[in-house]
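As a plain string of letters, each chain reads:
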Amino acid sequence: MKKFERTIMITGGAGFIGNHVVRLFVRKYPDYHIINVDKLTYAGNLANLRDIENQPNYTFVKADICDYENMSRLLAENNVDGIIHLAAETHVDRSIKDPFVFARTNVMGTLTLLHAAKTYWEPQGWKVEGNPVRFYQISTDEVYGSLSFGDKPFTEKSKYDPHSPYSASKASADHFVRSFHDTFGMPVVLSNCSNNYGPYQFPEKLIPLFINNIRYRKPLPVYGSGENVRDWLYVEDHARAIDLVFHKGETYGTYNIGGFNEWKNIDLIKVLVKVTDKILGRPESADIDLITYVSDRKGHDLRYAIDSSKITKELGWMPSLQFEEGIEKTVRWYLDNQDWLDNVTSGDYQLYYESMYGHR
Ligand code: NAD
Ligand code: TYD
C-alpha cells in the first residue's frame, strides 16, 4: 500500500508566501507528502516552519532549482506528481542592483524545473502512479506593467508589459511555463497575485521594514511622491487561493488574485504609523515625522490593481480578512517577534540550519 496519496514539491517553501503554503498543505492534507525545496537564500528561513517541521508528511530539502540533476533525482525518487513553484528572487530594488541573479533563478531556475518535470512526467503520459500531474507557476501582477489612475484593474487578458528586471524575469518564466504546455502538452496552471502582507516577510519589503523602523524611530524612506498605488492581500488569503487553483483551477488557466484593496503608499504608511504607535502605547501618530521622502525607485511602476472576479466566480475564492484587521494583526506579529526579525537579518538562521541538518 502506498504511504501517501500523492507527493507535491513546493519550491521556495522557506520564504514568505511559501511557508504559509507549506503549512496549509501539511496540515490540511495529511495524506499528501509535501517536499519543500529551498536553497535558503537570505530570504529563506527554516525558523518560519518550526511548528510543522516534525510532521510525518513533511520533508525539507536544501537545493537550488537551477540544479538539473538534483531536481530530476528529487522528482523521480519521490514520485512527485505536483509542483507548486514559488522559489524566486523577489525584491524589485535588488533586481535593479543585480538583475543577473533574477535571470538565473527566476528564468533559468524555472526552465530547469520545467525540463526536469517534463523529462520525468512525459514518458509516463503525464501521470505518476495513476495521478495526473500538474505544474503550478506562482506569479505576480507586476508582469502586467503599470496602470494610470482611472485605468481598469488588470484582468487575466491584460497584456504582459513588465518594467523592472524582477517583473521581466517573472514574465519570462510565465512564458516558459505556457510554452511547455503549448509545445509538449504539460498540464500547467498559473496565478498572478498582488502585493502580499503578513507574518514572516523579509524586512526589506515596505510593510515589515516600516513597522520595524517605527519601533526604533528610524526614518521611513518614501520613494518619490508616495503617490504610487499597490493592492494588498493578506498572505494566508493568497495561500488559500493557491490551494484552490492547484486543486480546481482549469489546466492552462490563469487566475488573478487580489484584495480589491488599493492603497497609495503614503496613506498606507500613515496607517502603519498610527497602528504601530497605538500598539506601542505611544501618543496618536507620534512618529509621523519619521516619514522622509527620498529619491524615487528607478522605473517605479505607478499603480497595480487587479481584478480577481474570475477566481471568485469560478472557484468561489474571496479574501477573508478586512485590511484594518490584517494590518493590526501584522503589526502585532512583527512587534511580538523581534527575535525573528533579529534572526533573519543577522543570518543566525543559517546556524540553526547547520545545527538541524549538519551542513550548510
Ligand atoms: P521570498 O523572497 O520571501 O522567498 C523566496 C524563497 O525562494 C526563499 O525561501 C528563497 O530561499 C527561495 N529561493 C530563491 N532562489 C532559489 C533557488 N535558486 N532555488 C531554490 N530556492 C530558492 O518570496 P515571496 O514573497 O514568498 O514570493 C514567493 C513567490 O510568490 C515568488 O515567485 C514571487 O514572485 C511570487 N509573488 C510574491 C508576491 C509578494 O507580494 N511577495 C506577490 C505575488 C507573487
Ligand atoms: P515593495 O514592498 O518593495 O513591493 P513592490 O515593489 O513589489 O510593490 O514596495 C511596495 C511599494 O512601496 C512600492 O511602490 C515601493 C515603495 N517603497 C518605498 O516607498 N520605500 C521603501 O523603503 C520600500 C521598500 C518600498
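See above for the structure.
Quick caveat: nothing in here was measured; it's all calculated off a predicted structure.

Side note on the site of ligand 2
Neighbouring ligand 2 are 16 residues, the closest being Glu142, Pro221, Arg230, Arg297 and His300. At 2.9 Å from an oxygen atom of ligand 2 is found a main-chain nitrogen or oxygen belonging to Leu206. Within the side chain of Asn265, one N or O atom sits 2.9 Å away from an oxygen atom of ligand 2. The protein chains hide 96% of the 510 Å² of surface that ligand 2 would expose on its own. Of all elements in the fold, only α6 (206-215) and β10 (220-223) reach the threshold of two or more residues within the shell around ligand 2.

Observations concerning empty space enclosed by the protein
Following the criterion strictly, the structure yields one cavity of 30 Å³ or more and no others. When the residues that make up the lining of the largest cavity are grouped by side-chain class, the tally is three nonpolar, three polar and five charged.

Comments concerning the site of ligand 1
Around ligand 1 sit 28 residues, and of these Ile17, Asp38, Thr90, Tyr166 and Lys170 come closest. With respect to ligand 1, the side chain of Asp64 contributes an N or O atom lying 2.9 Å from a nitrogen atom. Expressed as a share of its isolated accessible area of 830 Å², the protein-covered part of ligand 1 is 96%. Listed by contribution, the elements that provide at least two residues to the shell around ligand 1 are α1 (16-28), β7 (134-140), α5 (165-184) and β9 (195-197). No other element matches β7, which puts three residues into the shell around ligand 1. Looking at side-chain class alone, the shell around ligand 1 contains 13 nonpolar, 11 polar and four charged residues.

Notes on the packing of aromatic side chains
Scanning all chains against the criterion turns up 16 aromatic pairs. Between Tyr29 and Tyr32, the aromatic rings sit 4.5 Å apart at their centres with planes inclined by 10°, giving stacked as the arrangement. For the pair Tyr197 and Phe323, a centre-to-centre distance of 5.3 Å together with 75° between the ring planes defines the contact as edge-to-face. With Tyr197 in strand β9 and Phe323 in helix α10 (residues 323-336), this residue pair connects regions lying 126 residues apart in the sequence. No difference in accessibility class separates Tyr197 from Phe323, as the two residues are buried. Taken together, Phe25, Tyr29, Tyr32 and Phe246 form an aromatic cluster joined through their ring pairs. When the ring centre of Tyr42 is taken as origin, the NZ or CZ atom of Arg94, which lies over that ring, is 3.5 Å away. In this arrangement the basic side chain of Lys118 is found over the ring face of Phe184, its NZ or CZ atom lying 4.5 Å from the centre.

The rules we used
- Residues numbered from 1 in each chain as written.
- Chains lettered and ligands numbered in written order.
- Predicted model: local features only at pLDDT ≥ 70, side-chain atom pairs only at ≥ 80, totals over all residues.
- Heavy atoms only, no water.
- Near = heavy atom within 4 Å.
- Polar contact = N/O pair within 3.5 Å; in protein donor to acceptor, adjacent residues only side chain to side chain.
- Areas by Shrake-Rupley, 256 points an atom, 1.4 Å probe, with all protein chains shown as cover.
- Helix = DSSP H or I, 4+ residues; strand = E, 2+ residues; numbered from the N terminus.
- 1 Å grid on protein atoms, 1.4 Å probe; cavity = no way out; pocket = protein on both sides within 12 Å on 5 of 7 lines; lining within 4 Å.
- Points joined across faces, edges and corners; volume = space filled by probe spheres on them.
- Nonpolar A, V, L, I, M, F, W, Y, C, P; charged D, E, K, R; others polar.
- Phe/Tyr/Trp six-rings, centres within 6.5 Å; stacked < 30°, edge-to-face > 60°.
- Buried < 20%, exposed > 50% of the residue type's maximum accessible area, 1.4 Å probe, protein only.
- Lys NZ or Arg CZ within 6 Å of the ring centre and 35° of its normal.

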